[in-house]
Amino acid sequence: MAKKLMKGSEAIGEAAVQAGCHLFFGYPITPQNEIPEYMSMRLPQVGGTFVQAESEVAASNMLYGAAGSGERVMTSSSSPGVSLMAEAISYLAGAELPVVIVNIMRAGPGLGGILPSQGDYFQATKGMAHGDFRLLVLAPWSVQEAADLVQDAFDLADYYRNPVLVLGDGLIGQMMEPVEFREGRLPIKPLEAKTWAATGNDGSKPRSVINSLFLDPEALERHNVHLKEKYDRMVRDEVRFQSYGLDRDYDVLIVAYGTVARVCSTAIDELAASGVHVGMVRPVTLFPFPYQAVREAAARASSVLVVELSTGQMIEDVRLALANSKPIHFLNRMGGMLVSPDAVVDKIRAMADGRSTEVVHA
Amino acid sequence: MPETVFSRPEALRDVTTHYCPGCTHGTIHRLIAEVIDELGVRERTVGVAPVGCSVLAYNYFETDFHEASHGRAPAVATGIKRARPDLVVFSYQGDGDLASIGMAEIIHCANRGEKVTVVFVNNAIYGMTGGQMAPTTMPGQVATTCPLGRDVDHAGHPIRIAELLSTLRTPAFVARASVHTPLLAVNAKEMLRRAFSLQIEGRCFSLVEVLSTCPTNWGIPPAEATRWLEKTMLPYYPLGVFKTPESGSREPRPLDRGVR
């Protein structure tokens, strides 16, 4: 298929359709409205169904019903809306239902603003909601990668029977770039028929009950152990990252994800032109986090720079990776303000001549 | 040859329920199961039971089931039916669930005209959590969170769901039944049959509210609970059909003569 100029939000919607998702439940919230708008136009063309729910709470529970029926299903929202979905996401994880959720992050806390942010890193990777569960979290840095990751997300969700979160920001959703959908794309995982789905008790399979309730503590612990083993397999098999500029010697290693990493790559190219080489590890999966890749790349650097659109949430994972072996510096903007390539260049120069101070850890 | 004249419906599993003595959940379960059997749809029926006394209903019906979070069964049912329109989908919800935390979901499910059937069991109290005040608790009725009785100046009057939903244009069928006498149970079954039949015919949303006793949390013996339901609940929650596919929108009536 030829490359097509598409807005990130529309590419995300089209990628879902290409992945066989014919059901979308959503609720309006800026800056991701183009995704439900695209789906409301596109799904009827492929015999699918779009429902505008009365709230994110309802949309996420519609996801539960549709996924429990064995169909591929997606929703999208932005930060405050994802908070409203959190309860259902816990139920989805508990009942082991495969769904894809897209969070186009906006700045917070509270109602915050509608411009890009990375303030939901903790929510996505550490504590989405009550109970003991994990989501696979995929963070694209381009429209093409957003489209690719959305398609992969459906395969991963089905394979692990777990919700998969695609974590973008307002930039990914709004910018236009050429994107290509590969024809004849094959699933990235071996997928089995969903015999567990509740599609009617006609005697062809055991009765299906979609459920996260285990009143017997021994049974619930067995379920927790089963889920833990699944999360361990994700950690073992699903780590994704991109290395940038690691083929040269470098003094500073940048760790950044999403569109911020894109900004950093521009700064790295500019610095290289002036003879300063900087490396970068860009986590593509935020859970599982590429601890080993960050550790190994940092071993060759004298210091590490974390760049984020937040108060510094990913720093905690970088710190875990480094185990205090390297000084960590931090560059950020918040509130919907963006980090510019110039700011990254200035920060790297400040680190070189001692004007930048190390992050103070609690 | 001996002839079987009464047996457990196929749609009901041969298990002991956790329901308290004198509670009518068991009767309502049986009526639903009989209707499912008689309509011949057991093999393509999927139930949804959210948090509340009925949260374990998936153990009692011989159909596929979804357990749902508190109040969200109409949204889950929407997801199931939109994903698989060939399935017969019903939710089974209590009054704390449907009329309090799940009010948004039930109104919008009804108003979208989802092709699902809702069985709404109203026993005027929170049962599973131990007898707290519900939106349906009667004025003056004692509950653990209104120990002096429901004060309508403080908590408002009980919500009448059948009346409320029948103001919507879309729903196909809204009715209220009770099962505290055999005759009323037969009527309730006919309402349930109508509700399921309309869904099977592809008509939209149907809901049957069923009044129920809760001797445990009302703090009175079962026989007395039946009398209490009759004396206290029936006058406020009248039985009957509130909306049919034929009835359109409600026209406002003019002010009575003499009112200025």
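Residues numbered from 1 in each chain as written. Chains lettered and ligands numbered in written order. Predicted model: local features only at pLDDT ≥ 70, side-chain atom pairs only at ≥ 80, totals over all residues.

Asks: Would you mind going over the sheet that holds strand β12 (residues 278-283) of chain A in detail, with residue names and values included?
Replies: All names here are of chain A. A sheet is described by the order of its strands in space; here five strands give the open sequence β10-β12-β11-β14-β15, paired in mixed fashion. Whereas interior strands pair on both sides, the edge strands pair on one side only; in this sheet they are β10 (241-244) and β15 (328-332). Shown here is a sheet whose adjacent strand axes are inclined to one another by a mean of 20°, direction ignored. Two strands pair when backbone bridges link them, and strand β14 (residues 303-308) and β15 are joined in this way by five bridges, in the parallel orientation. Within β15, the position partnered with Val306 by the bridge is Phe330. Sheet contacts for helix α11 (residues 315-322): β11 (252-255), β14 and β15; angle to β15, the most-contacted strand, approximately 160°. In the packing of helix α12 (residues 341-352) onto the sheet, the strands contacted are β11, β12, β14 and β15, and the crossing angle to β14 comes to about 155°. (Pairing = 2+ DSSP bridges. Helix = DSSP H or I, 4+ residues; strand = E, 2+ residues; numbered from the N terminus. Axes fitted to C-alpha atoms, helices over the stretch in contact; angles between N-to-C directions. Contact = placed C-beta atoms within 7 Å.)

Asks: How would you summarise the pairing of strand β5 (residues 100-105) of chain A if you had to cite specific residues and measurements?
Replies: All names here are of chain A. Among the six residues in β5, six count as buried, and that is most of the element. Alternating positions in β5 separate into two faces, Val100, Val102 and Ile104 on one and Ile101, Asn103 and Met105 on the other, with burial throughout. The sheet contact formed by strand β4 (residues 73-77) and β5 spans four bridges and is parallel. Residue pairing in the sheet places Ser77 in a bridge with Asn103 of β5. Summarising the sheet, β5 and strand β7 (residues 164-169) pair through six bridges and their orientation is parallel. Directly across from Val102, in β7, lies its bridge partner Val166. (Buried ≥ 20, exposed ≤ 12 C-beta atoms within 10 Å, placed from the backbone.)

Asks: Let's hear about helix α6 (residues 143-160) of chain A: which residues, and what values?
Replies: Compared with the 26 Å implied by 1.5 Å per residue over 18 residues, the 25 Å span of α6 of chain A between its first and last C-alpha is a close match. Within two residues after α6 of chain A, Arg161 of chain A carries a phi angle of roughly 50°, on the positive side. (Expected span 1.5 Å × (residues − 1).)

Asks: Pulling in residues and values, what's your account of the interface of chain A and chain B?
Replies: Facing 32 residues of chain A, the contacting portion of chain B comprises 28 residues. Only β2 (23-26), β3 (49-52), α3 (56-68), α4 (79-94) and β9 (209-210) of chain A provide two or more residues apiece to the side of chain A that touches chain B. The element that contributes the greatest number of residues to the side of chain A that touches chain B is α3 of chain A, accounting for eight residues. Taken together, the residues of the side of chain A that touches chain B break down into 15 nonpolar, twelve polar and five charged. Both β9 of chain A and strand β2 (residues 64-67) of chain B contribute to a ladder of two bridges, which runs parallel. (Nonpolar A, V, L, I, M, F, W, Y, C, P; charged D, E, K, R; others polar.)

Asks: Residue-level account of the sheet that holds β4 of chain A, with values.
Replies: Residue and element names in this part refer to chain A. Sheet architecture is open: seven strands sit in the order β3-β2-β4-β5-β7-β6-β13, paired in mixed fashion. The open sheet terminates on both sides in strands that have one partner only, identified here as β3 and β13 (285-287). Neighbour-to-neighbour, the strand axes of the sheet open up by a mean angle of 20°, direction not taken into account. Alignment of β2 against β4, held across two bridges, turns out to be parallel. Bridging across to β4, Phe24 finds its partner in Met74. Across the face of the sheet, α3 comes into contact with β2, β3 and β4 while running at roughly 165° to β4. The strands touched by α4 are β4 and β5; relative to β5, the strand with the most contacts, the crossing angle is about 150°.

Asks: Lay out the packing of α3 of chain A against helix α2 (residues 73-83) of chain B in plain terms, naming residues and giving numbers.
Replies: Two measures define how a pair of helices packs: the angle their axes make with one another and the distance between the axes. Running from N to C, α3 of chain A and α2 of chain B cross one another at 45°; their axes reach a closest spacing of 6 Å. Considered as vectors, α3 of chain A and α2 of chain B are oriented oblique to each other. Considering how the two elements wind past one another, α3 of chain A and α2 of chain B form a crossing that is right-handed. Of the residues in α2 of chain B, those touching α3 of chain A at Ala58, Asn61, Met62, Leu63, Tyr64, Gly65, Ala66 and Gly68 of chain A are Ala75, Val76, Ala77, Thr78, Gly79, Ile80, Arg82 and Ala83 of chain B. (Parallel < 35°, antiparallel > 145°, perpendicular 65-115°, else oblique. Left-handed = near helix turned anticlockwise from the far one by under 90°.)

Asks: Before we move on, can you summarise the domain arrangement of chain A with the specific residues and values?
Replies: Residues and elements named next belong to chain A. According to the domain assignment, chain A contains domain 1 (4-198 + 211-237) and domain 2 (242-352). Here the C-alpha centroids of domain 1 and domain 2 sit 27 Å apart. Breaking the side of domain 1 that touches domain 2 down by element, the ones donating at least two residues are α5 (121-125), β6 (136-138), β7, α7 (170-174) and α8 (217-237). Sorting elements by how many residues they give to the side of domain 1 that touches domain 2 places α5 first, with four residues. Broken down by class, the residue content of the side of domain 1 that touches domain 2 amounts to 18 nonpolar, seven polar and two charged. (Domains from an automatic or database assignment.)

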